[in-house]
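# Residue-level structure breakdown
Here is how the chains run, residue by residue.
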Amino acid sequence: MKGILTALLVIVELFLIAVVLLQSGRKAGLSGAIAGGAETFFGKNKARSFEGKLHRLTKISAVLFIVIAMVLAILE
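The text that follows walks through the structure, step by step, so that each part is easy to find. (Residues numbered from 1 in each chain as written. Predicted model: local features only at pLDDT ≥ 70, side-chain atom pairs only at ≥ 80, totals over all residues. Heavy atoms only, no water.)

## With respect to helix 4 (residues 50–75)
The end-to-end C-alpha distance of helix 4, which contains 26 residues, comes to 37 Å, matching closely the 38 Å that a straight helix rising 1.5 Å per residue would cover. Taken together, the buried positions of helix 4 are Gly52, Leu54, Thr58, Ser61, Ile68 and Leu72. On its buried face, helix 4 sits against helix 1 (2–22). (Helix = DSSP H or I, 4+ residues; strand = E, 2+ residues; numbered from the N terminus. Expected span 1.5 Å × (residues − 1). Buried < 20%, exposed > 50% of the residue type's maximum accessible area, 1.4 Å probe, protein only. Contact = heavy atoms within 4.5 Å.)

## A few points about a nonpolar patch on the surface
On the surface, Met1, Val63, Val67, Val71 and Leu75 cluster together into a nonpolar patch covering about 470 Å² of accessible area. In this structure, Val71 sits in helix 4. (Patch = residues over 30% accessible without salt bridge, like charges linked within 9 Å, V, L, I, M, F, W, Y side chains within 5 Å. Areas by Shrake-Rupley, 256 points an atom, 1.4 Å probe, with all protein chains shown as cover. Salt bridge = Lys/Arg side-chain N within 4 Å of Asp/Glu carboxyl O.)

Listed below in structure tokens is the structure:
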């Protein structure tokens, strides 16, 4: 059981690293160039964009990482 959870933890770790590295910085792109004007216009569809999906995947993988790490710590 611990071996399966450890392998799953490594997979989630690598996925979390990849998702975080794919995200752009807060000041990058159009919203950083036009100080706030584009942020309000594009803010409505942000959840449907690629960045919105990356943000959601980051949250999910971070929660999975914490839960699996806690389960492994309890089993130890």
